[in-house]
Amino acid sequence: MEVYVVHYGELALKGKNRGLFEGALVRNITARLDGRRVKRRYGRLIVEGWGPEVEGALGSIPGIKHFARAESVALDIEAIKGAALRLAKAAPPGPFAVRTKRANKAFPLTSLEVNRLVGEAITAETGRAVSLSEPALTIYIEICEREAYVYAERLPGLGGLPVGTSGKVVALVSGGIDSPVAAFLMMKRGCEVVLLHFFNETLHSLKVRGKIISLGERLAHFQGELKLYMVPFGSLQREIIRAVPARYRMLVYRRTMMKLAEEIARLEGAKALVTGDSLAQVASQTLENLRLIYEATRYPVLAPLIGSDKEETIALARKIGTYEISILPYEDCCSFMVAPHPETHGRPEVIAELEKGLVLDLAGAISRAEIESFDLSRAKPGPPAPPRNGSVD
Ligand code: ATP
Ligand code: MG
């Protein structure tokens, strides 16, 4: 039978975490591959049926270390040899190795015996030489309780943890390059991410919104079901422009965004806020300014790109397919307002004084939020699979 053998990283998975982790991964794969059977088999998952859509999904669901297109055969050395021979005959010439793992200790042969018997059969039938140090072809055999799996190539997964095992967060996405990557990294660490975007109703906002929706569709590829809040920011922005001198506006915008994000987090039952900040990349990202911005909320603020160089972030954005969307020309609501000389070392007492003069209707903005939902189940196909970076061992 045609199956995929799915392996997840096991280091972090001692004790009771393992069951939770496996359960979440099974749920996430099932949700994506609608109706396809997923079975648990001793530290690995088995997904039935081959197909490019299955590989696309397995390559983009967080929590999978690697996966392989395998043949599932009876617990019988002749059946195992047969499957191994088919692989050896189909592969380009070169030396080979056989690597067996035996989860089922009741199987009458040891792993080494299986390696030897299968290896001899391949050499006899194909003339291939054995090389354990530099094989051109590795045949993997996994012997489990009810069947054995035989395959020759491991495809890389994303790694990380299954979405849903680390709690919920609200990620502020601007439409720039950084914030979608930050949202992706939190998904990869097992968070369920709710996206939040602030837009200015008067400023080519339909185009910006189209861009944010494309980013949502792209990110749903990794998380599955995904919710996006789009909160109108124009009237708050006008009030800030009225009361705050240009130098300090960006700081007050961003503090106001944090306060709104906290409200959304409360509505959603999320435990933290996420931004795409990278230390010292722009004026609002000096240590003094980040402190002022993050102090506007009592929620923890996670900035997974804080130590990344722009080049590193761009490389990751390309890999996950958000880069092409992010570089579309339409900027977010604040970019056009950047002052020629923004404050890089904002002072808390100045901020406190300026905010005293502000009348901000935060509840009003939230009540006018638009909510979009994305879903990548079979019924509603999403964007194409992200590019993969070759096979792993
Ligand atoms: P990005 O590439 O994510 O826009 P950046 O390095 O250009 O980041 P800023 O534009 O100053 O820096 O934004 C810093 C962070 O503030 C963003 O990463 C994002 O988390 C948040 N942010 C900025 N503008 C918005 C917006 N319009 N809606 C939601 N979040 C925003
Ligand atoms: Mg930006």
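About the thresholds
Residues numbered from 1 in each chain as written. Chains lettered and ligands numbered in written order. Predicted model: local features only at pLDDT ≥ 70, side-chain atom pairs only at ≥ 80, totals over all residues. Heavy atoms only, no water. Salt bridge = Lys/Arg side-chain N within 4 Å of Asp/Glu carboxyl O. Helix = DSSP H or I, 4+ residues; strand = E, 2+ residues; numbered from the N terminus. Buried < 20%, exposed > 50% of the residue type's maximum accessible area, 1.4 Å probe, protein only. Near = heavy atom within 4 Å. Polar contact = N/O pair within 3.5 Å; in protein donor to acceptor, adjacent residues only side chain to side chain. Areas by Shrake-Rupley, 256 points an atom, 1.4 Å probe, with all protein chains shown as cover. Nonpolar A, V, L, I, M, F, W, Y, C, P; charged D, E, K, R; others polar. Pairing = 2+ DSSP bridges. Domains from an automatic or database assignment. Contact = heavy atoms within 4.5 Å. Buried area = accessible area lost by both parts, 1.4 Å probe. Phe/Tyr/Trp six-rings, centres within 6.5 Å; stacked < 30°, edge-to-face > 60°. Lys NZ or Arg CZ within 6 Å of the ring centre and 35° of its normal. 1 Å grid on protein atoms, 1.4 Å probe; cavity = no way out; pocket = protein on both sides within 12 Å on 5 of 7 lines; lining within 4 Å. Points joined across faces, edges and corners; volume = space filled by probe spheres on them.

Novice: Could you give an account of the pattern of salt bridges, naming the residues involved and the relevant values?
Specialist: Taken as a whole and assessed by the stated rule, the structure comprises 26 salt bridges. One salt bridge connects Glu-343 with Arg-247, and the closest N-O pair in it is separated by 3.1 Å. Taken together, the residues span a long stretch of sequence, with Glu-343 in the loop between helix H11 (323-326) and helix H12 (348-356) and Arg-247 in helix H8 (residues 246-268) at a distance of 96 residues. Classification of Glu-343 as buried rests on a relative accessible area of 13%. Salt bridges sharing partners connect three or more residues here, namely Arg-37, Lys-39 and Glu-48.

Novice: Provide a residue-level description of the site of ligand 1, including the pertinent values.
Specialist: Around ligand 1 sit 21 residues in total, of which Leu-172, Ser-174, Asp-178, Ser-179 and Gln-281 are the nearest. The side chain of Ser-174 places a nitrogen or oxygen atom 2.4 Å from an oxygen atom of ligand 1. Between Gln-285 and ligand 1, the recorded distance is 3.3 Å, taken from a side-chain N or O atom to an oxygen atom. Burial of ligand 1 by the protein amounts to 90% of the accessible area it has alone, namely 580 Å². Going through the elements one at a time, helix H5 (178-188), strand S10 (192-199) and H8 are the ones with two or more residues in the shell around ligand 1. Residues that form the shell around ligand 1 fall into these classes: eight nonpolar, nine polar and four charged.

Novice: Before we move on, can you summarise the side chain of Glu-55 with the specific residues and values?
Specialist: With respect to the helices, strands and loops of the structure, Glu-55 is situated in helix H2 (residues 52-58). Exposure remark for Glu-55: the relative accessible area of 13% places this residue in the buried category. Side chain to side chain, Glu-55 and Arg-69 meet in a polar contact 3.0 Å long.

Novice: Tell me about the sheet that holds strand S14 (residues 370-374), and please be specific about residues and values.
Specialist: Strand-to-strand pairing in sheets goes through backbone hydrogen bonds, with the strands running parallel or antiparallel. One open sheet holds the six strands; their spatial order is S13-S12-S9-S10-S11-S14, and the pairing between them is mixed. Because the sheet does not close on itself, it has two edges, and the strands there are strand S13 (301-302) and S14. Pairing of strand S9 (residues 168-172) with strand S12 (residues 272-274) involves three bridges; the strand directions are parallel. Looking at S12, one finds that Val-170 is bridged to Leu-273.

Novice: Kindly report on the domain arrangement of the protein, identifying the contributing residues and their values.
Specialist: With domains assigned, the protein is organised as domain 1 (2-156) and domain 2 (168-378). Placing a centre on the C-alpha atoms of domain 1 and another on those of domain 2 gives a separation of 42 Å. Each side of the interface is counted separately: domain 1 has ten residues, and domain 2 has nine residues. Both sides of the domain 1 and domain 2 interface together cover about 690 Å² of buried area, and 49% of this is carbon and sulfur. Of all residues in domain 1, Arg-32, Ser-60 and Pro-62 bury the most surface against domain 2, accounting for 64% of the area lost on that side. Applying the counting rule to domain 1 against domain 2 returns zero salt bridges. Here domain 1 is connected to domain 2 by two residue pairs in polar contact (both at pLDDT 80 or more).

Novice: If you had to explain the packing of aromatic side chains to someone new, which residues and values would you point to?
Specialist: All told, the structure shown has six aromatic pairs when counted by the stated rule. Aromatic side chains Phe-198 and Phe-233 sit 5.4 Å apart centroid to centroid with 50 degrees between the ring planes, which places their arrangement in the tilted category. Placement of the pair is Phe-198 in strand S10 and Phe-233 in the loop between strand S11 (226-232) and helix H7 (234-243), with a sequence separation of 35 residues. When sorted by exposure, Phe-198 lands in the same class as Phe-233, which is buried. Members of the aromatic cluster, joined through ring pairs, are Phe-198, Phe-233 and Tyr-253. Across from the ring centre of Tyr-140, 4.2 Å away, lies the NZ or CZ of Arg-154, which sits over that ring. One Lys or Arg, Arg-318, reaches over the ring of Tyr-323 and ends 4.3 Å from the middle of that ring.

Novice: How would you summarise the layout of surface pockets if you had to cite specific residues and measurements?
Specialist: Taken as a whole, the second largest pocket encloses approximately 420 Å³ of empty space. As for the second largest pocket, its lining consists of 24 residues, and the residues nearest its centre are Asn-28, Gln-223, Gly-224, Glu-225 and Leu-226. Of all elements in the fold, only helix H1 (17-32), S10, helix H6 (205-223), S11 and S14 reach the threshold of two or more residues within the lining of the second largest pocket. Ranked by residue count, the leading element in the lining of the second largest pocket is H1, at four residues.

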